[in-house]
2 protein chains.
Amino acid sequence: MKIAVDAMGGDKAPKAIIAGSLLVLDEIESNIVLIGKEDIIKKELEKRTTDFKRIDILDAQDVVENEDKPVKAIRSKKDSSMVKGFEALKNKEVDAFVSAGSTGALLAGSLLKIGRIKGIDRPALAPIYPTRKGFSLLVDAGANTDCKPRNLLEFGIMGSIYLQQVLGINNPKVGMVNIGTEEGKGNRLVSETYEVMKKSDMNFYGNLEARDIPGGIVDVIVCDGFVGNVILKLTEGVAMNMTSMLKEAFTKNFISKIGALILKGGLKEFKSKLDYTEYGGAPFLGVKRPVIKAHGSSNENAIKNAIKYGEIFCKNGVIEKIEEEIFKIGVDNIE
Amino acid sequence: MKIAVDAMGGDKAPKAIIAGSLLVLDEIESNIVLIGKEDIIKKELEKRTTDFKRIDILDAQDVVENEDKPVKAIRSKKDSSMVKGFEALKNKEVDAFVSAGSTGALLAGSLLKIGRIKGIDRPALAPIYPTRKGFSLLVDAGANTDCKPRNLLEFGIMGSIYLQQVLGINNPKVGMVNIGTEEGKGNRLVSETYEVMKKSDMNFYGNLEARDIPGGIVDVIVCDGFVGNVILKLTEGVAMNMTSMLKEAFTKNFISKIGALILKGGLKEFKSKLDYTEYGGAPFLGVKRPVIKAHGSSNENAIKNAIKYGEIFCKNGVIEKIEEEIFKIGVDNIE
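Residues numbered from 1 in each chain as written. Chains lettered and ligands numbered in written order. Predicted model: local features only at pLDDT ≥ 70, side-chain atom pairs only at ≥ 80, totals over all residues.

(A) Summary view of the overall build of chain A. If you tally the helices and strands in chain A, you get eleven helices and twelve strands. What you see for chain A is a C-alpha radius of gyration of 21 Å, in line with the 20 Å of a compact globule of 335 residues. Overall, the C-alpha framework of chain A stretches about 65 × 60 × 35 Å when taken along its three principal axes. Residue burial in chain A is summarised as follows: out of 335 residues, 55% are buried. (Helix = DSSP H or I, 4+ residues; strand = E, 2+ residues; numbered from the N terminus. Rg over C-alpha atoms; globule rule 2.2 N^0.38 Å. Buried ≥ 20, exposed ≤ 12 C-beta atoms within 10 Å, placed from the backbone.)

As structure tokens, this is what we get:
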């Protein structure tokens, strides 16, 4: 198998991307195709290794930037690492595509160049949400801002299959974000979706209050992309601000400075628990071929794991399983 | 002036409610009318004071419970402290009504017994959101799960007036929760609302990413009630889980246990920064008479401040100012 990696996407590209790609070779069977400016990639590789056996380079002189309009970038930047990645994926020259580049452009590319799985109305971005117990999968994190019940149902099904096949969670529990736990609560979308979810084959936990998300009481967190994006970013914001406020309190006087030093180990351990880089990138679930979005600020460890879980994604036939499941339930009959 | 207080609402009722009502007397000019089971209230008062001068009791033998269906409870529990509070407010026997009881029932009572300010389509619940800098006002926190642009505009206007008149924030900055900062981003609701907000007289900051909410970069956080409820509860959940995880890390071994002891002061100071009880209750903005919802788990300090800011709410004519502003801009012309 071959996994294409966008060497130019992300805040720490190309260094972290190339370092992560070399790191993962021991843990996977696939070859890696690094896409981007050939001279730069070569130079970075030569700094790190003399063994180029399982690494190919696909030259691409252009780069899709975060500021680019997604659809326009995909249509016009034909020599970009991202568009070349999608072309290779579409032509089956590679089996999966991993990029830490612009989320919007990756979504646009997935839809324009690759297309949806038959029966899926709207693909979704499904990142890991670190919880107290380990992690949940958040579907959708921002690809679809206005949803129908059918979409949320698809998110639940696809998320369950991904967790089961790729991260080894057996019979994952699916919760739907709502403002109360009782049936019938919420806005029009979620109150209409409740019945649909309940009737489905998935392991439906029911409504999930946002207060209970960080505790990790479900495996799949289902919501529309607007709410999902708010959940992801707010969690980041609260954690960041709490950490800063604690640090301020800690360094205020001499005694607490000593305490802060002593506790450094504890804080480090705490931080590692919340380290999303361990669980790989976020797949675009519902796209016909495997597209994995790595976090924009991915370090080499995050890239390593995005590639590693990308391989498992292919090997364990996530897309085929989604196709089967969607065909079986005939989701097309749901509004 | 007279402020009615629901002595039976909230997790710590009636003790904390009565204690808070006595505490606040030194800081306000109004008299207080405690509503609830007269014998219980009397007993609690007698434990604490011999001076009943500015306290009246209005007997009500029934209680609206959190489990009650809101509309049904307001219609059928005629002898409840909450319904009697609304009746007194409606009949102008009191000037404001403070309750830590069921949010849903308080909203139902506000709509059924008191009614909306002319020109306001949907009243909103507006609690304080503690931030790194101090606080913001979150409108709406859950009263309206499906909104139109007109509603968000009203939330922004009412929130600005409340902050200015009651909490003394000059020319408050209004941000609209969105998944990106650029104009045109987001779901149908917020992308349509952007123009309406921009054209208005308010100090519109623009789109606000959830990541930036805890930092306190705006004064009024505008969103629909579904998103607002998620924001409020998720913040609580993240903070709670972070605190627990830190505590676990701190108490893992002897050295860090010492550190935890040293840092106790710092943590306490940190916690007090996030103490919402300082800023009073959450007004139902858009209701024709002042209704203040105190947090369900209010202690005496929270009740004290809910009453105190309730008096300022009346004194500074928040409702009249909302009426004027809404009349001026003719919000009825907006979808």
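Now, onward.
(B) Seen up close, the domain arrangement of chain A. Residues and elements named next belong to chain A. Here the domain parsing of chain A yields domain 1 (1–120 + 286–316) and domain 2 (122–279). Relative placement of domain 1 and domain 2: their C-alpha centres are 26 Å apart. The interface is formed by 18 residues belonging to domain 1 together with 14 residues belonging to domain 2. Those elements giving two or more residues to the side of domain 1 that touches domain 2 turn out to be α5 (103–114) and α10 (300–315). No other element matches α10, which puts six residues into the side of domain 1 that touches domain 2. (Domains from an automatic or database assignment. Contact = placed C-beta atoms within 7 Å.)

(C) Spatial organisation of the sheet that holds strand β2 (residues 31–36) of chain B. All names here are of chain B. Spatial strand order, β3-β2-β1-β4-β12-β11-β5: seven strands in an open sheet with mixed pairing. Looking at which strands have only one partner, the edges of the open sheet turn out to be β3 (55–59) and β5 (124–125). For strand β1 (residues 2–6) and β2, the ladder comprises five bridges, and the chain directions are parallel. Across the sheet, residue Ala4 finds its bridge partner in β2, namely Val33. The strands touched by helix α5 (residues 103–114) are β4 (96–99), β5, β11 (282–285) and β12 (291–293); relative to β12, the strand with the most contacts, the crossing angle is about 175°. (Pairing = 2+ DSSP bridges. Axes fitted to C-alpha atoms, helices over the stretch in contact; angles between N-to-C directions.)

(D) How the structure looks around the pairing of strand β7 (residues 135–139) of chain B. Residue and element names in this part refer to chain B. Taken across its five residues, β7 has five buried, putting it largely inside the fold. In this sheet, β7 lies alongside strand β6 (residues 128–130) in antiparallel orientation, the contact comprising three bridges. Residue pairing for β7: Tyr129 is matched across the bridge by Ser136. Linking β6 back to β7 in an antiparallel pair, the connection comprises four residues, with Gly134 at a positive phi of about 155°.

(E) Summary view of the packing of helix α1 (residues 15–24) of chain B against helix α2 (residues 38–48) of chain B. Residues and elements named next belong to chain B. Two elements in contact, α1 and α2, have axes separated by 10 Å at closest approach and are oriented at 50°. Judged on the interaxial angle alone, α2 and α1 are oblique. In the crossing of α1 with α2, the sense of the turn from one axis to the other is right-handed. Of the residues in α2, those touching α1 at Lys15, Ile18, Ala19 and Leu22 are Ile41, Glu44, Leu45 and Arg48. Classifying every residue of the contact of α1 with α2 gives five nonpolar, no polar and three charged. (Parallel < 35°, antiparallel > 145°, perpendicular 65-115°, else oblique. Left-handed = near helix turned anticlockwise from the far one by under 90°. Nonpolar A, V, L, I, M, F, W, Y, C, P; charged D, E, K, R; others polar.)

(F) Fine view of unusual backbone geometry. All names here are of chain A. Of note, the bond from Ala13 into Pro14 is cis; its omega dihedral lies within 30 degrees of zero at -5°. Considering the arrangement of structural elements, one finds Pro14 in the loop between β1 (2–6) and α1 (15–24). A cis geometry characterises the amide bond from Val139 onward to Asp140, with omega recorded as 15°. Examined against the element boundaries, Asp140 turns out to sit in the loop between β7 (135–139) and α6 (149–166). Backbone geometry at Asn171 places phi at a positive 50°, although glycine is not the residue there.

(G) Just the confidence of the model for chain A, in detail. Of the residues in chain A, 90% have a pLDDT of 70 or more, and the chain-wide mean is 91. Across the whole predicted complex the pTM is 0.92, and at the interface the ipTM reaches 0.91. (pLDDT = per-residue confidence, 0-100.)

(H) Structural view of helix α7 (residues 188–199) of chain B. All names here are of chain B. All of the buried residues along α7 are Leu189, Val190, Thr193, Tyr194 and Met197. Down the axis of α7, the buried side of the element spans an arc of 135°, and every buried residue falls inside it. Summarising the geometry of α7, the exposed residues directed more than 90 degrees from the buried face are Arg188, Glu195, Lys198 and Lys199. Its buried side turned inward, α7 meets α6 (149–166), β8 (173–178) and β9 (203–209). (Arc of directions from axis to C-beta.)

(I) Structural detail: the sheet that holds β6(B). Residues and elements named next belong to chain B. Within the open sheet, the five strands sit side by side as β6-β7-β10-β8-β9. Their pairing is mixed. The open sheet terminates on both sides in strands that have one partner only, identified here as β6 and β9. The mean angle between the axes of side-by-side strands here comes to 35°, regardless of whether they run parallel or antiparallel. Where β8 lies against β9, six bridges are found, and the strand directions are parallel. Note that in β9 the partner of Val177 across the bridge is Leu208. Lying over the sheet, α6 contacts β7, β8 and β10 (220–222), oriented at roughly 165° with respect to β10.

(J) Structural detail: helix α11 (residues 318–329) of chain B. All names here are of chain B. Taking 1.5 Å per residue, twelve residues should reach 16 Å; α11 reaches 17 Å between its end C-alpha atoms and fits that length. Within α11 the residues assigned to the buried category are Val318, Ile319, Ile322 and Ile326. Take α11 and look down its axis: the buried residues cluster within an arc of 95°, on one side only. Facing away from the buried surface of α11 by more than 90 degrees, the exposed residues are Glu320 and Lys328. Taken together, the buried residues of α11 touch α6 and α10 (300–315). (Expected span 1.5 Å × (residues − 1).)

(K) Inspection of the environment of Asp79(A) at higher detail. Residues and elements named next belong to chain A. Residue placement: Asp79 occurs in the loop between α3 (70–76) and α4 (81–90). For the pair formed by Asp79 and Gly36, sequence separation is 43 residues and the distance between their alpha carbons is 9.2 Å. Once residues within four sequence positions are removed from consideration, Asp79 is found in contact with Ala60, Gln61 and Asp62.

(L) Structural view of the pairing of β2(B). Residues and elements named next belong to chain B. Buried residues dominate β2, accounting for five of its six residues. In the classification by handedness, the crossover that spans β1, the intervening α1 and the parallel β2 is right-handed. Direction of pairing for β2 relative to β3: parallel, over a ladder of five bridges. Of the residues in β3, the one forming a bridge with Val33 is Asp56. For the crossover from β2 across α2 to β3, the handedness is right-handed. (Right-handed = clockwise from strand over helix to strand, strands pointing away.)

(M) Examining the packing of α6(A) against helix α7 (residues 188–199) of chain A more closely. All names here are of chain A. Running from N to C, α6 and α7 point in directions that differ by 50°, and their axes come no closer than 9 Å. In terms of orientation, α6 lies oblique with respect to α7. You can see that α6 and α7 cross each other, and the crossing is right-handed. Along the contact surface, α6 presents Pro149, Leu152, Leu153 and Gly156, while α7 presents Leu189, Glu192, Thr193, Val196 and Met197.

(N) Focus on the environment of Val196(A). Tracing the backbone through its elements, the reader meets Val196(A) in helix α7. With 47 residues separating them along the chain, Val196(A) and Pro149(A) place their C-alpha atoms 7.4 Å apart.

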